[in-house]
Amino acid sequence: MIKLTPRPQPSQQMLWLSPLLAIALMLVVGMIVFTLLGQNPLKAFHAFFIEPVNDLYGIGELFIKASPLALIALGLSVGFRANVWNIGAEGQLTMGAIAAGGVALWFYDSESHFVLPLMLIAGALGGMLWAAIPAFLRTRFNTSEILVSLMLVYVAELVLSWLVHGPWRDPDGFGFPQSKQFSDSALLPVLLEGTRAHAGLLITLVALAVTYVFLRWSVVAFQMRVAGLAPRAADYAGFNAKRTIWIGLLAGGAAAGLAGTSEIAGPIGQLSIPLSPGYGFAAIIVAFVGRLNPIGILLASLLMALLYLGGESAQMQLALPAAVSGVFQGLLLFFLLATDVLINFRISWGGGRPKPAAAAPQAVAKPVMEGEQ
Amino acid sequence: MTSPPRLELRGISKYYPSVVANEDVSLTVMPGEIHALLGENGAGKSTLMKAVYGVVKPDKGQIFWNGEEVHINSPAQARKLGIGMVFQHFSLFDTLSVTQNISLAMDDKHHMGKLAKRIEEVSESYGLPLNPHRLVHDLSVGERQRVEIVRCLLQEPRLLIMDEPTSVLTPQAVRKLFETLRRLSDEGCSILYISHKLEEIRELCHSATVLRAGKVSGTADPRQETAKSLAEMMVGKELPICEHPPARTDGAELLVVRQLSRQSEDPFGTDLKDVGLSVRAGEIFGIAGVSGNGQQELLYALSGEKPSKDAAEILINGQPAGRMNPAQRRKLGLRFVPEERLGRGAVPPMSLSYNALLTGHDGEMTKNGFIHHGRMRDFSLNSIERFNVKCGGPDAEAKSLSGGNVQKYIVGRELLLNPEVLVISQPTWGVDVGAASFIRQTLVDLREKGVAILVVSEELDELFEICDRLAVIHHGKLSEPYPARAITLDEIGVLMGGGSLAQTAPADLPTTANTEAHP
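Residues numbered from 1 in each chain as written. Chains lettered and ligands numbered in written order. Predicted model: local features only at pLDDT ≥ 70, side-chain atom pairs only at ≥ 80, totals over all residues.

The number of helices and strands found in chain B is 17 helices and 23 strands. Over its C-alpha atoms chain B spans a radius of gyration of 23 Å, differing by no more than 12% from the 24 Å that the globule rule assigns to 519 residues. Over its C-alpha atoms, taken along the principal directions, chain B stretches across nearly 70 × 55 × 45 Å. Counting every position in chain B, which comprises 519 residues, the buried fraction comes to 53%. Look at the contacts in chain B between residues 6 or more apart in sequence, and 67% of them connect residues 24 or more apart. (Helix = DSSP H or I, 4+ residues; strand = E, 2+ residues; numbered from the N terminus. Rg over C-alpha atoms; globule rule 2.2 N^0.38 Å. Buried ≥ 20, exposed ≤ 12 C-beta atoms within 10 Å, placed from the backbone. Contact = placed C-beta atoms within 7 Å.)

When helices and strands are tallied, chain A shows 15 helices and 2 strands. Its C-alpha atoms give chain A a radius of gyration of 22 Å, near enough to 21 Å, the size a compact globule of 373 residues would have. Seen through its C-alpha atoms, chain A measures out along the principal axes to roughly 75 × 60 × 30 Å. Taking all 373 residues of chain A together, 48% fall into the buried category.

Our next topic: the packing of helix 3 (residues 56-80) of chain A against helix 11 (residues 279-289) of chain A. Residues and elements named next belong to chain A. Between helix 3 and helix 11, the shortest axis-to-axis distance is 8 Å and the interhelical angle comes to 65°. Two packed elements cross with a definite hand, and for helix 3 against helix 11 that hand is right-handed. For the pair helix 3 and helix 11, the contacting residues are P68, L69, A70, I72, A73, L76, S77 and F80 in the first and Y279, G280, A282, A283, I284, V286 and A287 in the second. Classifying every residue of the contact of helix 3 with helix 11 by side-chain character gives 13 nonpolar, 2 polar and no charged. (Axes fitted to C-alpha atoms, helices over the stretch in contact; angles between N-to-C directions. Left-handed = near helix turned anticlockwise from the far one by under 90°. Nonpolar A, V, L, I, M, F, W, Y, C, P; charged D, E, K, R; others polar.)

Attention now moves to the interface of chain B and chain A. Contacts between the two partners involve 39 residues from chain B, matched on the other side by 26 residues from chain A. Looking at the side of chain B that touches chain A, the elements with two or more residues in it are helix 10 (326-331), helix 11 (352-360) and strand 18 (370-371) of chain B. The element best represented in the side of chain B that touches chain A is helix 11 of chain B, accounting for 4 residues.

Ranked by internal contacts, the top residues of the largest apolar core, which has 267 residues, are A:I72 and A:V286. In this structure, A:I72 is in contact with A:A89, A:L93, A:A255, A:A256, A:A259, A:Y279, A:G280 and A:A283, ignoring residues within four places of it in sequence. (Core = buried A, V, L, I, M, F, W, Y, C linked by C-beta atoms within 7 Å.)

Residues and elements named next belong to chain A. With numbering aligned to this structure, UniProt lists the feature "transmembrane region" (unreviewed entry) at residues 15-37, 57-80, 92-108, 114-137, 146-164, 197-215, 281-310 and 322-345. Secondary structure content for residues 15-37 is 96% helix and 0% strand, and the end C-alpha separation is 34 Å. Secondary structure across residues 146-164 comprises 100% helix and 0% strand; the distance between its end C-alpha atoms is 28 Å. (UniProt positions renumbered as here; feature names shortened; annotations may be inferred.)

Moving on to the sheet that holds strand 5 (residues 68-70) of chain B. Residues and elements named next belong to chain B. The strand order across the open sheet built from 4 strands is 2-1-4-5, with neighbouring strands paired in antiparallel fashion. The strands lining the two open edges of the sheet, one partner per strand, are strand 2 (20-29) and strand 5. Each neighbouring strand pair of the sheet contributes to a mean axis angle of 25°, computed without reference to strand direction. Note: strand 1 (residues 7-15) against strand 4 (residues 60-65), 5 bridges, orientation antiparallel. Bridge assignment links S13 to a residue of strand 4, and that residue is K60. Of the strands in this sheet, strand 1, strand 2 and strand 4 are in contact with helix 1 (residues 45-52), which crosses strand 1 at around 120°. (Pairing = 2+ DSSP bridges.)

Residues and elements named next belong to chain B. Strand order across the open sheet formed by 4 strands is 12-11-14-15, with antiparallel pairing between neighbours. Only two strands of the sheet have a single partner each, and these edge strands are strand 12 (272-280) and strand 15 (319-320). Two strands pair when backbone bridges link them, and strand 11 (residues 253-262) and strand 14 (residues 314-316) are joined in this way by 3 bridges, in the antiparallel orientation. Bridge pairing in strand 14 links V256 to L315.

All right, on to the packing of helix 4 (residues 89-106) of chain A against helix 10 (residues 241-268) of chain A then. All names here are of chain A. The contact between helix 4 and helix 10 brings their axes to 7 Å, and the two run at 55°. If you check the angle between helix 4 and helix 10, you find them oblique. In the crossing of helix 4 with helix 10, the sense of the turn from one axis to the other is right-handed. From helix 4, A89, Q92, L93, T94, M95, G96, A97, A100 and G101 reach across to helix 10, where they touch G252, G253, A256, G257, L258, A259, G260, T261, E263, I264 and A265. Residues that form the contact of helix 4 with helix 10 fall into these classes: 10 nonpolar, 9 polar and 1 charged. (Parallel < 35°, antiparallel > 145°, perpendicular 65-115°, else oblique.)

Residue and element names in this part refer to chain A. Its 28 residues give helix 10 an end-to-end C-alpha distance of 39 Å, which sits within 8% of 40 Å, the value for a rise of 1.5 Å per residue. Burial analysis of helix 10 places 23 of its 28 residues in the buried class, which makes it a mostly covered element. Positive phi shows up at G269, right after helix 10, with a value of about 80°. (Expected span 1.5 Å × (residues − 1).)

What follows concerns the confidence of the model for chain B. All names here are of chain B. When pLDDT is averaged across chain B, the result is 85; 90% of the residues are at 70 or more. Every residue in residues 504-519 scores below 50 in pLDDT, and together they form 27 contacts with partners more than four places removed in sequence or on other chains. Our summary of model confidence lists the complex with pTM equal to 0.72 and ipTM equal to 0.79. (pLDDT = per-residue confidence, 0-100.)

It is worth spelling out the pairing of strand 21 (residues 469-474) of chain B at this point. Residues and elements named next belong to chain B. When you tally the buried positions in strand 21, you get 5 out of 6 residues, the bulk of the element. Inspection of the sheet shows strand 13 (residues 284-288) paired to strand 21 by 4 bridges, in the parallel sense. By the bridge assignment for strand 21, A288 is matched with V472. Examined bridge by bridge, strand 21 and strand 23 (residues 482-483) share 2 bridges and lie antiparallel to one another. Pairing of L470 across the sheet is with Y482, part of strand 23. Relative to strand 22 (residues 477-478), strand 21 is paired through 2 bridges, and the arrangement is antiparallel.

A few words now on unusual backbone geometry. With an omega of -5°, the peptide bond running from A:I273 to A:P274 counts as cis. Within the element layout of this structure, A:P274 appears in the loop between helix 10 and helix 11.

All names here are of chain B. By the criterion of burial, strand 8 (residues 190-194) is predominantly enclosed, with 5 of the 5 residues buried. Of the two faces of strand 8, the one carrying S190, L192 and I194 and the one carrying I191 and Y193 are both buried. The pairing of strand 3 (residues 34-38) with strand 8 spans 4 bridges and is parallel. Pairing of L37 across the sheet is with I194, part of strand 8.

Residues and elements named next belong to chain B. Here V70 shows up in strand 5. Of the residues examined, V70 has 16 C-beta atoms within 10 Å and is grouped as partly exposed. Separated by 274 residues in the primary sequence, V70 and R344 place their C-alpha atoms 41 Å from one another.

Residues and elements named next belong to chain A. Here P277 is to be found in the loop between helix 10 and helix 11. On the basis of neighbour count, P277 is assigned to the partly exposed category, with 16 C-beta atoms found within 10 Å. It is 9.5 Å that separates the C-alpha atoms of P277 and E90, two residues lying 187 residues apart in sequence.

Residue and element names in this part refer to chain B. Among the structural elements, G82 can be located in the loop between helix 2 (75-81) and strand 6 (83-86). Taking C-alpha positions, G82 is 9.9 Å from W65, a pair spaced 17 residues apart along the chain. Contacts of G82, omitting those with residues within four sequence positions, involve P157, R158 and L159.

Quick look at the structure:
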């Protein structure tokens with residue numbers, strides 16, 4: 001019989017092994033699913049995970065998919081570490097894109113070099129504005145930021161839909177719900193010839209460095225983590241609880257808004273619907289698979305991007321439905337949540353007498369919110 | 001000897017990955033015997049008791065219950081045998097009422113209304129009054145313990161394990177509890193009594209087993225021993241003696257509270273009424289009182305966790321500080337050690353280093369809002385060494401330390417941050433004798449350096465031992481301060497019960513408590 005016994009201390013090793021284990025389990029189950037669908041599992045594996053990235057163009061695609069995922073996940077991780085649960089990055093991405101798109105359309109005829117920086121600023125502010133709503137309601141009325149931020153996703157999508165069907169619709173667009181193609185001054189330059197990899201990648205790399213420094217060295221990040229792990233200790237120390245909520249939500253909003261901006265100024269080149277293939281939600285998975293750690297998030301975003309590409313490739317080569325990407329994403333999160341149990345517990349098999357650990361009853365009475373390190 | 005021992009342990013050993021908790025421990029408890037289990041923090045008392053209660057499984061050894069060998073696999077099984085346990089750390093759900101908590105811990109179902117009535121009866125008859133409908137998170141620590149004790153008593157146990165039961169009770173309540181325990185003992189119920197209070201053990205217990213570093217270091221008849229000889233058995237060395245020269249009376253008033261009144265936000269809390277006090281540089285001011293009489297509210301007001309509307313209600317170092325938050329008050333020189341160590345005074349899943357940053361983040365450990373990891377570690381190491389904190393180093397998580405060691409670390413942290421005013425609540429609650437006397441000595445030393453110290457404690461011995469002036473809080477009102485050398489234990493008892501002293505205490509009364517207190 002399999003038994004779970006608590007570890008005396010959370011395992012640091014398991015903290016990093018757990019995502020790898022989850023990936024392995026995802027692959028195994030994924031292969032089983034392919035087999036059940038009548039595919040040769042090896043061929044399917046090749047089509048899904050190798051085919052999309054076996055040329056330079058494919059690598060470029062991997063990067064431009066990973067970039068928004070990593071960027072959003074970095075922003076979200078700032079809040080998640082403080083138990084500020086911003087689930088609405090998708091909406092903040094959309095609002096950021098609307099704000100940046102508005103700038104691009106307003107300066108449609110301009111060739112100024114300031115259009116692009118202005119778009120980035122507008123995009124970040126748009127995302128922050130959308131994240132400020134749950135922050136304000138939480139700090140003022142103690143509402144749940146989970147519900148408010150999530151519901152605002154759909155509001156943002158409807159606003160975008162109204163704009164591209166109405167005032168911002170391309171007059172020469174044959175009635176499709178999309179804006180005019182942006183002029184060149186509003187588009188991010190391509191970094192590498194032969195790919196679509198654009199300058200948005202640089203924004204993500206800068207965000208990576210900033211987040212890394214912020215989380216490791218800043219007192220503010222320390223204070224926010226205390227607020228997440230032990231709110232009463234934060235009160236005792238005199239940390240500002242409202243500031244934690246504001247920073248936690250605004251960081252995610254700014255990152256999502258920038259990601260939205262670099263999507264419309266990058267591969268898309270206009271406002272259209274749908275704008276994002278669920279980057280804002282997938283980034284939540286990326287943040288947790290990456291252990292809310294900037295380096296981990298970078299790696300996890302590449303994996304998640306590969307799942308997106310693999311899904312498209314499987315659609316084309318194996319005639320599998322597009323939903324297969326979602327299946328893999330779901331499997332990954334599912335197994336991660338399961339394997340994370342191993343951080344605090346160890347498995348022992350019956351027969352040999354398991355070493356029972358000190359399961360003090362207060363551990364049962366007061367479940368400690370285990371913060372991610 | 002006609003009947004077999006109620007409980008017999010033979011060669012119990014328990015190993016944890018990093019530490020040996022018990023090694024070859026044997027002890028025998030007869031029916032009706034009150035048996036003391038003594039030992040410093042981390043000596044393995046709690047682990048041993050958890051083995052008896054079925055919470056942990058020993059790696060070696062046998063347990064005999066009424067002469068028959070038993071394997072106790074769960075607390076439910078232990079309760080079925082007739083073993084009840086009152087834990088030192090309470091296993092209560094904050095969001096449920098007293099009755100709901102107790103019914104959860106009962107193995108069979110009960111009608112809630114009837115249960116509430118029984119709780120009221122049992123708690124009244126044992127002198128542990130409890131309102132069964134109150135929510136646990138509104139209860140003070142002392143009241144929470146009552147819930148635990150009453151919960152056990154409802155099950156009519158044959159062996160009652162009590163882990164530090166009296167640390168939060170008044171002398172009068174302790175008397176009542178002892179009557180209860182003696183009555184239980186007369187009825188044939190055995191009691192395993194864990195405590196650091198040697199005087200109590202000498203008074204109450206029939207026999208004692210002393211543990212040191214997981215092993216039995218001696219057995220004794222506590223009635224034949226002195227508190228000093230028992231303490232030496234526990235720690236294996238001479239205890240430091242607390243020195244207590246008279247206080248200065250000419251220091252500046254560093255902490256002043258003026259007409260502080262406020263309604264408690266907690267519907268079952270205590271409103272503060274017109275509380276006034278002043279603590280001078282170089283003196284220790286003590287506040288005694290039964291828990292739940294406004295201590296928590298007063299401490300929240302002093303620390304700044306619940307600031308006042310009127311800035312002039314509290315003066316720190318002469319500055320009106322009533323409206324300031326804890327961080328701002330720290331800048332004026334206030335340091336505060338709360339009663340709850342894990343979760344308030346320290347962040348349980350963070351390393352000791354980071355816990356130093358909790359209140360030290362505006363000092364030398366940071367620069368321009370960035371953390372200096374090296375200095376943080378040095379600070380933490382310094383606190384660990386100076387205060388003899390037993391731990392795995394600065395990277396150990398706070399929750400991996402025993403309660404007494406966390407307390408030493410927090411006290412050490414606040415002291416190394418150079419306090420001018422120190423407010424400390426229950427300085428030695430659950431701390432072993434050696435560490436307690438060290439902490440008290442530290443407070444006295446600090447007083448000599450001119451720090452103004454306010455101690456809120458429910459342990460009268462402690463207050464008499466270290467304080468220069470004493471006041472009593474009752475129903476949110478603070479009494480006049482009395483010189484600790486001139487007031488008797490009985491007089492304090494009267495004040496704690498809500499009475500008043502006719503005259504100021506005569507100055508020539510001998511200070512009994514002062515000399516008899518801790519070794």
